[in-house]
Amino acid sequence: GHEADEPDVENEDAGLNNGNDDEALSFEGRATTDLLRDSDNVLHIGGGASWRKPNSVSNSVTLSAAPGGTGPLNIITTGAINNVDNSLVYGAEVGSAFGPLMLRGEYLRTDISRSGTGADPSFDGWYAQAGWLLTGEDRPYKGDEGVFGRIKPENPFSLKSGGWGAVELLARHDALNLNDAAAGINGGE
């Protein structure tokens with residue numbers, strides 16, 4: 001449960017080793033903490049990793065991304081990377097909320113180990129964002145899950161009572177590099 005813009009790695013539940021599932025085995029973990037442990041302010045840090053072994057039928061991995069991490073159209077993709085032994089995705093995240101101000105960022109890296117010929121490719125990406133709730137709400141934080149929650153407007157939007165709801169000014173920059181010249185992969189940036 002975090003908002004990482006991790007590249008979309010084709011991924012089903014591990015367990016079956018056949019052509020219908022992408023993985024034969026996977027291990028994933030994530031740890032987070034709030035350094036302030038203050039009811040009004042949050043300084044969240046975290047890290048996580050995911051190790052995946054593709055099934056023996058495909059032995060391939062595809063990484064791709066859509067604008068903002070959502071949408072039906074991938075704007076960059078590695079295509080199928082063949083002869084993959086395993087992949088490791090790991091990264092760090094930081095976030096803060098001080099009243100109506102929110103700052104967040106995350107860095108992710110993917111290292112792929114291949115058998116046979118060719119270099120082992122690596123890819124990385126990050127995002128940084130800042131937000132200000134103009135209507136004054138605080139951004140909730142769920143410490144037991146290590147995620148920021150949904151905003152609950154103090155004055156819900158209503159044409160009858162004139163409530164504006166919650167209004168946030170937000171700026172975000174995302175970057176993802178799916179190119180690795182040494183490995184012969186030009187997935188885009």
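Scroll up for the structure.
Everything numeric in this text was worked out from a predicted model, so none of it was measured.

Asks: Explain the overall build of the chain to me, and be specific about the residues and the numbers.
Replies: In terms of helices and strands, the chain carries zero helices and 13 strands. In sequence order, the secondary structure elements of the chain are arranged as β-β-β-β-β-β-β-β-β-β-β-β-β. The 189 residues of the chain split such that 35% are buried. For the chain, the share of sequence-separated contacts (at least 6 apart) that also reach a separation of at least 24 residues comes to 58%. For the chain, the exposed surface amounts to about 10,800 Å²; the carbon and sulfur share of it is 53%.

Asks: With reference to specific residues and values, describe the packing of aromatic side chains.
Replies: On inspection of all chains with the given rule, the structure shows two aromatic pairs. Directly above the ring of tyrosine 127 sits arginine 172, whose terminal nitrogen or CZ lies 3.9 Å from the centroid.

Asks: Now, about the side chain of aspartate 180: what can you tell me, with residues and values included?
Replies: Note that aspartate 180 resides in strand β12 (residues 179-180). In this structure aspartate 180 is buried but unpaired, with arginine 109 as the nearest side chain of opposite charge at 6.7 Å. Setting aside its immediate chain neighbours within four residues, aspartate 180 contacts Asp120, Pro121, Ser122, Phe123 and Ile185.

Asks: How would you sum up the pattern of salt bridges? Please name residues and give values.
Replies: With the rule as written, the count across this model stands at five salt bridges. Note that glutamate 93 is salt-bridged to arginine 30, the shortest N-O span being 2.6 Å. Of this pair, glutamate 93 sits in strand β6 (residues 84-98) while arginine 30 sits in strand β2 (residues 23-34), and the two are 63 residues apart along the sequence. Its salt-bridge partner being glutamate 168, residue arginine 139 comes within 2.4 Å of it at the nearest N-O pair. Taken together, the residues arginine 139 in the loop between β8 (122-133) and β9 (141-142) and glutamate 168 in strand β11 (residues 168-177) connect sequence positions 29 residues apart.

Asks: Provide a residue-level description of a negative patch on the surface, including the pertinent values.
Replies: Taken together, the side chains of Asp38, Asp40, Asp138 and Glu154 present a region of like negative charge at the surface. A residue is classified by how much of its surface remains accessible, and glutamate 154, at 54% relative accessible area, is exposed.

Asks: Just give me the short version of unusual backbone geometry, but keep the residues and values in it.
Replies: The general pattern is negative phi for most residues beyond glycine and trans for most peptide bonds. Positioned with a positive phi, arginine 37 is a non-glycine residue whose angle comes to about 45 degrees. Relative to the assigned elements, arginine 37 resides in the loop between β2 and β3 (41-54). A positive phi angle is found at asparagine 83, which is not glycine, with a value near 60 degrees. As for its position among the elements, asparagine 83 is in the loop between β5 (76-77) and β6. Accessibility expressed as a relative area gives 43% for asparagine 83, which makes it partly exposed.

Asks: Residues and numbers for a nonpolar patch on the surface, please.
Replies: A grouping of Trp132, Leu134, Trp164, Val167 and Leu169 is seen on the molecular surface, where their side chains present a nonpolar patch of about 580 Å² in accessible area. For leucine 169, the location among the structural elements is in strand β11. Overall, leucine 169 belongs to the exposed group, its relative accessible area being 56%.

How each quantity is defined
Residues numbered from 1 in each chain as written. Predicted model: local features only at pLDDT ≥ 70, side-chain atom pairs only at ≥ 80, totals over all residues. Heavy atoms only, no water. Helix = DSSP H or I, 4+ residues; strand = E, 2+ residues; numbered from the N terminus. Buried < 20%, exposed > 50% of the residue type's maximum accessible area, 1.4 Å probe, protein only. Contact = heavy atoms within 4.5 Å. Areas by Shrake-Rupley, 256 points an atom, 1.4 Å probe, with all protein chains shown as cover. Phe/Tyr/Trp six-rings, centres within 6.5 Å; stacked < 30°, edge-to-face > 60°. Lys NZ or Arg CZ within 6 Å of the ring centre and 35° of its normal. Lys, Arg positive; Asp, Glu negative; His and termini not counted. Salt bridge = Lys/Arg side-chain N within 4 Å of Asp/Glu carboxyl O. Patch = residues over 30% accessible without salt bridge, like charges linked within 9 Å, V, L, I, M, F, W, Y side chains within 5 Å. Charge placed at Lys NZ, Arg CZ, Asp CG, Glu CD.

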